[in-house]
Amino acid sequence: MQLHPLPTSVLSHLQQLSVHLVHPVAQLGVFMAASALMIWRLQAIESKGFEGTVLGTLIMPYCSGFANLVFAYVMSRQGGQGSTVMENCLVNNVTNLTLILGLTTLCFGAAAAHGNKSGKAAHARSRQPDPVQRLNRLDLLLTLVALFMFTGTLWALAKDGVLDFYDGLVLVGLFLFWQALHVFEILKNNVRKNRSFQWSIVFDLVLIAISAYGVFKSVDYLVNWVSHVKSPYISAKDLGWLSGALMVLPNAFIALYFGFAGRQDVVVSSQVGDGHICIPMCVGLFALFDPITVPGFFKVGIYTIAGAAALHFMCILLVGRLPRLLGVVLLGGYGAFIYTGVMQS
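Every chain begins its residue count from 1, and numbering advances along the sequence as written. Side-chain atom pairs in this predicted model are given and counted only at pLDDT of 80 or more, local residue features only at pLDDT of at least 70, and totals for whole chains, interfaces and linings cover all residues. By convention in this description, side-chain values take in all heavy atoms of the structure and omit both hydrogens and water.

A. Looking closely at the overall build of the protein. A tally of regular secondary structure across the protein gives 13 helices and two strands. Per-residue burial over the protein gives 48% buried out of 345 residues. A separation threshold of at least 6 residues defines the contact pool for the protein, and within that pool the share at least 24 residues apart is 82%. Per element, the accessible surface of the protein, about 16800 Å² overall, is 69% carbon and sulfur. Comment: elements are numbered from the N terminus, with helices defined as DSSP H or I runs of at least four residues and strands as E runs of at least two. Burial classification: accessible surface area is computed with a 1.4 Å probe over protein chains only, and a residue below 20% of its type maximum counts as buried, one above 50% as exposed, and the rest as partly exposed. For this analysis, residues touch if any pair of their heavy atoms sits within 4.5 Å. What sets the accessible areas is the Shrake-Rupley method with a 1.4 Å probe; for residues, cover comes only from the shown protein chains.

B. Quick look at the packing of helix α3 (residues 66-78) against helix α11 (residues 264-289). Orientation is described by lines fitted to C-alpha atoms, with helices fitted over the stretch in contact, and by angles between N-to-C directions that extend from 0 to 180 degrees. For the pair α3 and α11, the least separation of the axes is 9 Å and the interaxial angle reads 15°. Taken together, the axes of α3 and α11 are roughly parallel relative to one another. For the pair α3 and α11, the sense of crossing is right-handed. On the side of α3, the interface is formed by N68, L69, A72, M75 and S76, while α11 contributes D274, I277, C278, M281, C282, L285 and F286. Classification convention: Asp, Glu, Lys, Arg as charged; Ala, Val, Leu, Ile, Met, Phe, Trp, Tyr, Cys, Pro as nonpolar; all other residues, Gly among them, as polar. Looking at the contact of α3 with α11 residue by residue, the classes come out as nine nonpolar, two polar and one charged. Any angle from 65 to 115 degrees is called roughly perpendicular, while one under 35 is roughly parallel, one over 145 is roughly antiparallel, and all others are oblique. Each crossing gets its hand from how the near helix is turned against the far one by less than a right angle, where anticlockwise is left-handed and clockwise is right-handed.

C. Structural context of the packing of aromatic side chains. Each Phe, Tyr or Trp ring (for Trp, its six-membered ring) is paired with any other whose centre lies within 6.5 Å, and the angle between the two planes then decides the class: stacked below 30 degrees, edge-to-face above 60, tilted in between. Scanning the model with the defined rule gives four aromatic pairs in all. Summarising the aromatic geometry, the rings of F148 and F313 are spaced 6.4 Å apart at their centres and angled 70° between planes, so their arrangement reads as edge-to-face. Here the residue F148 occupies a position in helix α6 (residues 130-157), and F313 occupies one in helix α12 (residues 298-318), the gap between them amounting to 165 residues.

D. Representation of the nonpolar core in the model. The definition of a nonpolar core used throughout is a set of buried Ala, Val, Leu, Ile, Met, Phe, Trp, Tyr and Cys residues joined through side-chain atoms within 4.5 Å. By size, the foremost hydrophobic cluster in this structure holds 78 residues, and its most contacted members are L154, V219 and V283. Per element, the largest residue contribution to this core is 12 residues, and it comes from α11.

E. Main features of the packing of helix α10 (residues 249-260) against α11. Where α10 meets α11, the closest approach of the two axes is 9 Å, and the angle between their N-to-C directions is 165°. Here α11 runs roughly antiparallel to α10, going by the angle between their axes. The crossing of α10 and α11 is right-handed. Contacts from N251, I254, A255, F258 and G259 of α10 reach α11 at V266, V267, S270, Q271 and D274. Across the contact of α10 with α11, the residue classes tally to five nonpolar, four polar and one charged.

F. Spatial organisation of α10. Between its first and last C-alpha, α10 extends 16 Å over 12 residues, near the 16 Å set by a 1.5 Å rise per residue. Burial in α10 covers these residues: P250, N251, A252, I254, A255, F258 and G259. Of the residues flanking the end of α10, it is G262, one or two places downstream, whose phi is positive at about 80°. A helix is expected to span 1.5 Å multiplied by its residue count minus one.

G. Region of interest: unusual backbone geometry. Each neighbour pair has its own omega, and for I279 with P280 the value is 25°, a cis peptide bond. Checked against the element boundaries, P280 lands in helix α11.

H. Spatial organisation of the side chain of N88. Looking at where N88 falls in the secondary structure, it is placed in helix α4 (residues 82-113). Apart from the residues lying within four places of it in its own chain, the contact partners of N88 are N68, F71, G240, S243, G244 and M247.

I. Just the environment of I316, in detail. When you line up the elements, I316 lands in helix α12. Each C-alpha atom, one on I316 and one on D265, is 9.7 Å from the other, the two residues being 51 residues apart in sequence.

J. Here's a closer look at helix α9 (residues 239-246). Burial within α9 is extensive, with six of its eight residues counted as buried. All of the buried residues along α9 are L239, G240, W241, S243, G244 and L246.

K. Inspection of the confidence of the model for the protein at higher detail. Per-residue confidence from the prediction method is given by pLDDT, with values spanning 0 to 100. Model confidence for the protein is summarised by a mean pLDDT of 79, while 78% of its residues fall at 70 or above. Helix α5 (residues 120-126) is the least confidently modelled element of the protein, averaging 45 in pLDDT, while strand β1 (residues 162-163) averages 94, the highest of any element. Low pLDDT (under 50) marks residues 17-21, which in the prediction has one contact with non-local residues, meaning those over four places away or in another chain. In this model residues 116-128 is a low-confidence stretch, pLDDT under 50, and it forms 22 contacts with partners more than four residues away in sequence or in other chains.

L. Examining a nonpolar patch on the surface more closely. A residue counts toward a patch only above 30% relative accessible area and without a salt bridge, and it is joined to like-charged neighbours within 9 Å or, for Val, Leu, Ile, Met, Phe, Trp and Tyr, to nonpolar neighbours within 5 Å. For salt bridges, the criterion is a side-chain nitrogen of Lys or Arg within 4 Å of an Asp or Glu carboxyl oxygen. Side chains of W199, V202, V206 and I210 sit close together on the surface and give an oily, nonpolar patch of about 470 Å² of accessible area. With respect to the secondary-structure elements, I210 resides in helix α8 (residues 201-228).

M. Spotlight on the environment of F258. Residue placement: F258 occurs in helix α10. The buried category is assigned to F258, whose relative accessible area is 3%. As for F258 and V268, which are separated by 10 residues in sequence, their C-alpha atoms are 9.8 Å apart.

N. Up close: the state of the cysteines. The rule for a disulfide is simple: a pair of cysteine sulfur atoms within 2.5 Å. Tallied over the entire structure, the rule returns zero disulfides. Among the cysteines around C89, which has no disulfide bond, C278 carries the closest sulfur, lying 4.5 Å off. Taking the relative accessible area as the measure of exposure, C89 reaches 0% and is therefore buried.

Right, here's the structure in full:
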């Protein structure tokens, strides 16, 4: 059978398509690799002065949420993109609290229910004394209380439909106060245990800085590509949704890794802590330099975040963990948010 060559017009179209796709896919690979490197060194820091839920609330969010900070910075250079930044943060937070925690709870909830006895790391975890488990539970509850406070403050400040400089100042101030509490908690804990930070942490911070630069360059490229690409499936008006979904990937890596290791406390604290980076930090920083107009699905996003956080709080308070059945509810909530948000945006 004789094969006929493709028409010149078709070949030209395929070549142009390949050029348009190669660079975005490559940059997506850079984003994934840089995020993986960042998380790898992050996990090593746990044995160098940072432990348990503090790791998930103080260190991990800066790594997994750095892309959101970069996105806010890139949008601030364009001006008038406050609604896009708000969309990015809402989608990111809702996805963390519903989709990511829902999937990890379904996949690894049984291990948590049986004392996390699968695997060496999980077995070591199961042998921890009860006081340590109770302290971790209290830390998780405090982190969720902070989420309520940040989300509620944003809801109150946005009642007039706009976030200005002073609103941003309030949000950033709340976040810095929250982080200061954790820093002093680490210092006090190290004093109690007569322990100091290891100098090798400098090497980890250097690698994290390199990863951060890779994340910045890849996010900058992808934002520009989406803003200018001509496609019936990708539009600049969906940049907030697309970027919010993309930047959840590092959080998914964290959740899968620590979920497999039987560390549901770190899984929950890291996802909630990443939400702190978005709300109030990203939103507050952007509002300092450029007013933010609240998008149409703002209330849906806020109510979904508050509802998911309430479910997490009650389960941890009453059961001490997230049961597998909760995963089904969370996935249903994520589907409802996507449907309602798309209809209103």
